[in-house]
Amino acid sequence: QVQLVESGGGLVQLGGSLRLSCVASGTVFGINTMSWYRQTPGKQRELIAVVDSSGGTDYADFVKGRFTISRDNAKNTVYLQMNSLKPAATAVYYCNEEISVYLDMRFHNYWGQGTQVTVSS
């Protein structure tokens, strides 16, 4: 019914930038909160940034001032602009969204498949 597809990951050098995108497709009626998480092997998935339906944002302390989350409601897309990247940012990045679909107005939680970000020193 609903798919989230991330893109924009890759290999970047220390101090570089990447912009991740996550597009929701399918029988999307509305999207509430949109978030980005990341996960490294052996660790729990951790929240990086959140944008709510009115555009309000919140960030984990370790990315404040360097990462920016934004959304384009017309395109059902959420972005994560990552600047001044460090090797510690190397992880798989996932988008997570609260989405309601046609014929079922309740919001459900969806995850993307993840995109790898690698920062070399």
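Residues numbered from 1 in each chain as written. Predicted model: local features only at pLDDT ≥ 70, side-chain atom pairs only at ≥ 80, totals over all residues. Heavy atoms only, no water.

Side note on the state of the cysteines
Worth spelling out the cut-off: Two cysteine sulfurs form a disulfide in these notes if their separation is within 2.5 Å. Runs of H or I in DSSP of at least four residues are treated as helices and runs of E of at least two as strands, each being numbered from the N terminus. For the exposure calls, accessible area comes from a 1.4 Å probe over protein chains only, and a residue counts as buried if that area is under 20% of its type's maximum, exposed if over 50%, partly exposed in between.
Enumeration over the complete set of coordinates arrives at one disulfide. Paired by a disulfide, Cys 22 and Cys 95 hold their sulfur atoms 2.0 Å apart. Since a negative S-S torsion denotes a left-handed disulfide, the Cys 22-Cys 95 link at about 50 degrees is right-handed. With a gap of 73 residues between them, Cys 22 in strand S3 (residues 18-26) and Cys 95 in strand S9 (residues 91-101) connect regions that are remote in the sequence. With relative accessibility at 0%, the residue Cys 22 sits in the buried group.

With respect to the nonpolar core
Filter applied, for reference: Only buried residues count toward a nonpolar core. Its members are Ala, Val, Leu, Ile, Met, Phe, Trp, Tyr and Cys residues joined through side-chain atoms within 4.5 Å. The contact rule is simple, with two residues in contact once any of their heavy atoms fall within 4.5 Å.
In terms of nonpolar packing, the biggest core is built from 32 residues, with Trp 36, Leu 80, Met 82, Tyr 93 and Ile 99 touching the most fellow members. Elements with a minimum of two residues in this core: strand S1 (2-7), S3, strand S4 (28-39), strand S5 (46-51), strand S7 (67-72), strand S8 (77-82), S9 and strand S11 (115-120). Top element by residues in this core is S9. It accounts for five residues. Non-local contacts of Leu 80, meaning those with residues more than four positions away in its chain, are made with Leu 18, Arg 19, Leu 20, Trp 36, Ala 49, Phe 67, Thr 68, Ile 69 and Tyr 93.

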